[in-house]
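For reference, the chains in residue letters:
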Amino acid sequence: MKIYTFFLLILLSFVFVNAQEAEVKEPEYGWKKEMVGSLNLTQTSFDNWSQGGENSTAWQLNLVFQFTNDLEKTNWRSSGKFTYGESKTGGAPSRKSIDEIKLESVYTIKMAKYINPFVAATGESQFAPGYSYSDLGKTKVSAFWDPAYFRESIGVGYKPNEIILTRLGGALKQTLTRDFPTPYSDDPDTEKLEKLKFEVG
């Protein structure tokens with residue numbers, strides 16, 4: 001009987017100590033700011049290589065940031081992604097391999113534990129002109145902020161943890177162009193040349 005009492009006291013002491021250590025951590029409210037940049041460089045060189053091949057070089061610059069103001073009843077997150085890169089193969093001129101500007105701002109009202117309403121706005125475009133290449137040469141098909149895409153949405157978001165996040169709602173989309181309405185914003189079924197296109201989804 002004494003041995004059972006001894007083990008019971010040890011078990012209760014262990015539970016009591018762990019209960020004290022497992023105190024609920026108070027949430028940290030306020031601004032959180034993150035920014036990460038990177039530069040990737042690659043080079044391939046062939047010298048006395050019997051199987052053939054062409055020398056190539058490529059580079060890519062990336063910048064990603066996120067500013068979040070997390071409060072007890074609301075959350076406002078603004079993020080951005082800037083990416084640009086070029087590649088060169090053999091004696092051909094250097095060509096753009098990736099080009100992206102993406103900005104997003106989301107305002108969420110905390111009404112439930114996992115599912116909460118939100119409003120959001122997104123803008124997307126590119127930095128440098130884009131070209132279409134053929135045997136006859138290259139043709140300019142886009143430019144900085146031409147086209148540009150904007151979306152405004154409202155709905156509910158689901159976030160069960162810090163990794164999973166998804167949103168469902170309705171959205172408006174605008175496509176803006178200056179010199180390249182075709183094929184981005186112009187409606188081929190009309191005689192007028194549209195430089196602004198509205199969509200609902």
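Owing to the predicted nature of the structure, the values given are computational and were not obtained by experimental measurement.

Cut-offs used in this document
Residues numbered from 1 in each chain as written. Predicted model: local features only at pLDDT ≥ 70, side-chain atom pairs only at ≥ 80, totals over all residues. Heavy atoms only, no water. Helix = DSSP H or I, 4+ residues; strand = E, 2+ residues; numbered from the N terminus. Buried < 20%, exposed > 50% of the residue type's maximum accessible area, 1.4 Å probe, protein only. Contact = heavy atoms within 4.5 Å. Areas by Shrake-Rupley, 256 points an atom, 1.4 Å probe, with all protein chains shown as cover. Patch = residues over 30% accessible without salt bridge, like charges linked within 9 Å, V, L, I, M, F, W, Y side chains within 5 Å. Salt bridge = Lys/Arg side-chain N within 4 Å of Asp/Glu carboxyl O. Pairing = 2+ DSSP bridges. Axes fitted to C-alpha atoms, helices over the stretch in contact; angles between N-to-C directions.

Within the protein chain one finds two helices and ten strands. N-terminal to C-terminal, the α/β element order of the protein chain is α-β-β-β-β-β-β-β-β-β-α-β. Per-residue burial over the protein chain gives 22% buried out of 201 residues. Excluding contacts between residues fewer than 6 apart, the proportion of contacts in the protein chain whose partners are at least 24 apart in sequence is 49%. On the protein chain, roughly 15,100 Å² of surface is accessible, and the fraction owed to carbon and sulfur atoms is 60%.

With that settled, the discussion passes to a nonpolar patch on the surface. Taken together, the side chains of Trp31, Trp76, Tyr107, Ile109, Met111, Val119 and Ile154 define a hydrophobic patch exposed on the protein surface, amounting to about 740 Å² of accessible area. Within the secondary structure layout, Met111 lies in the loop between strand S4 (95-109) and strand S5 (115-125). Exposure remark for Met111: the relative accessible area of 64% places this residue in the exposed category.

Once that is clear, we can look at unusual backbone geometry. With the exception of glycine, most residues fall at negative phi, and the peptide bonds are largely trans. The omega torsion across Asp146 and Pro147 is 10°, close enough to zero to call that bond cis. Here Pro147 lies in the loop between strand S7 (137-142) and strand S8 (148-158). Positive phi, normally seen in glycine, also occurs at Trp145, with a value near 60°. Within the secondary structure, Trp145 is located in the loop between S7 and S8.

Here the focus is the sheet that holds S5. Ordered in space as S1-S2-S3-S4-S5-S8-S9-S10, the eight strands form an open sheet in which the pairing is antiparallel. Every interior strand has two partners, whereas the edge strands, strand S1 (30-44) and strand S10 (196-200), have only one. Taken pair by pair, the neighbouring strands of this sheet meet at an average axis angle of 10°, ignoring direction. In this sheet, S8 lies alongside S5 in antiparallel orientation, the contact comprising ten bridges. Paired with Glu124 across the two strands is Tyr149, which belongs to S8.

It is worth spelling out the pairing of S8 at this point. With eleven bridges joining them, S8 and strand S9 (residues 166-176) adopt antiparallel strand pairing. Residue pairing in the sheet places Phe150 in a bridge with Gln174 of S9.

This part covers the side chain of Ser79. Summarising the element assignment, Ser79 is placed in strand S3 (residues 74-89). Residues in contact with Ser79, not counting those within four places in the same chain, are Phe65, Gln66, Lys102, Leu103 and Glu104.

What follows covers the pairing of strand S6 (residues 130-134). Bridge analysis of S6 against S7 gives five bridges, and the strand direction is antiparallel. Paired with Gly130 across the bridge in S7 is Ser142. The hairpin turn running from S6 into S7, its antiparallel successor, is two residues long.

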